[in-house]
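Examining the three-dimensional arrangement
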Amino acid sequence: MAAATVVHVDLTPCASREAAAWGWLDQDERARWKRFLYAPPRRRYALCRAALRALLCGALDADNEQIAFTFAEHGKPRAQVAGRPAAISFNVSHSGNHGLVAWAPRGRVGVDVEERSARYDIDGLSETVCGPRERADLAAARGDGRLHLFYTLWTLKEALVKATGAGLSCDVSRFEIPAAMRRGKPTGTFRFPQAPDVNWRLHNLGNAAYAAAVAHEEVADSAAAPVTTP
Amino acid sequence: MASTEERLRELVDKHLNVEGRQSGATLDLNAPFADSGISSVAAVSFMMEVAKEFDVKMNVGDCAQFPNMQSLIDFLDSNAG
Ligand SMILES: CC(C)(COP(=O)(O)OP(=O)(O)OC[C@H]1O[C@@H](n2cnc3c(N)ncnc32)[C@H](O)[C@@H]1OP(=O)(O)O)[C@@H](O)C(=O)NCCC(=O)NCCS
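Read on for an overview of the structure. Being a predicted model, the structure only gives us computed values, none of them experimental.

A word on the packing of helix H1 (residues 4-15) of chain B against helix H3 (residues 69-79) of chain B
Residue and element names in this part refer to chain B. It is the contact of H1 with H3, at a shortest axis distance of 10 Å, that shows an interaxial angle of 125°. Considered as vectors, H1 and H3 are oriented oblique to each other. Seen from above, H1 lies across H3 with right-handed handedness. Of the residues in H3, those touching H1 at Thr4, Glu5, Leu8 and Val12 are Met69, Leu72, Ile73, Leu76 and Asp77. Of the residues belonging to the contact of H1 with H3, the class tally is six nonpolar, one polar and two charged.

Structural notes on the environment of Val129(A)
Position of Val129(A) relative to the elements: it lies in helix H4 (residues 122-129). Separated by 78 residues in the primary sequence, Val129(A) and Ala51(A) have C-alpha atoms spaced 31 Å apart. With residues near it in sequence (within four places) discarded, Val129(A) still touches Glu134(A), Phe150(A), Trp154(A), Lys157(A), Val172(A), Ser173(A), Val44(B) and Val60(B).

Brief notes about the sheet that holds strand S1 (residues 5-10) of chain A
Residue and element names in this part refer to chain A. Ordered in space as S1-S6-S5, the three strands form an open sheet in which the pairing is antiparallel. The two strands at the open ends of the sheet, each matched to only one other strand, are S1 and strand S5 (89-95). Going from strand to strand, the sheet's axes swing by 15° on average, the running direction of each strand aside. Relative to strand S6 (residues 98-104), S1 runs antiparallel, the two being bridged by six bridges. Paired with Asp10 across the bridge in S6 is His98.

Parameters and conventions
Residues numbered from 1 in each chain as written. Chains lettered and ligands numbered in written order. Predicted model: local features only at pLDDT ≥ 70, side-chain atom pairs only at ≥ 80, totals over all residues. Heavy atoms only, no water. Axes fitted to C-alpha atoms, helices over the stretch in contact; angles between N-to-C directions. Helix = DSSP H or I, 4+ residues; strand = E, 2+ residues; numbered from the N terminus. Parallel < 35°, antiparallel > 145°, perpendicular 65-115°, else oblique. Left-handed = near helix turned anticlockwise from the far one by under 90°. Contact = heavy atoms within 4.5 Å. Nonpolar A, V, L, I, M, F, W, Y, C, P; charged D, E, K, R; others polar. Pairing = 2+ DSSP bridges.

These values are about where atoms sit, not about what they do.
Here you go:
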């Protein structure tokens, strides 16, 4: 199975890089850029979208001007080249100074990055977004380990619902991350209880600076189905 | 008794982490949440505070159904106890 590739995008403030990134955006994206009410999300959007465009140009052997985006029901972007759906899956995530772009030639992909923040009520959040065994593991974790585990679970769950395209319209407390990954294993396989025929490869990509994860749908290499983002 | 809008404005100032926004800054009720760049963790965390304050049941999947503050006010006006 062809693997997913994940690239890190540096989102630290930098006027010249932001101006260069803006130059990559099309009219709709510039309009969106302008609508952002605050500078940090505007910066993250421009830098990540420009990085995504550059990656897609390389992967699809296309010019930037040929690339456009359409959006699935819950907002997941998909790419078009010269008006036709592109045969590539991708997903983008940004948090603080870190962006990630993931793509794969086939199989749906979702990625999530979060700078860990102690400002949130982790116990309350866990009640809302975790299943009973995840909550038990969190309750057993101590100190920083708790915060790290929470963000590990969060990013893995979010990578999965971003891969399907449902995003937060899916109640992520209704499925649980595999036990071995909750205990620190960096990779694993997952199936949604309501769709057990589809296997998802999970990778925990977290490091000291951020929590992050990618989910990639397993598709046999010989499968004749066209590759599309959801 | 404060209106739903006033209570929400207070919750936004206290609990909604919107990077770049000054506390107390004007809040356009019809501005899409997407234009504020609110992260999903911040959104879910805010939703929990709203559920507590208004004594309503909300789950994480409800987050995506409110495109802006006005839609949340409308929901609370018809569902809050
Ligand atoms: C978009 C969403 C799936 C991820 O949120 P997040 O963790 O804060 O943001 P991330 O940085 O990880 O991901 C954002 C990127 O995911 C992509 N994306 C948007 N919707 C998506 C979806 N349904 N599925 C997969 N990817 C999606 C976009 O590329 C977006 O970045 P861009 O706008 O710069 O191109 C989640 O916020 C959601 O479902 N939102 C819809 C409802 C909402 O915004 N509610 C807020 C008020 S309660």
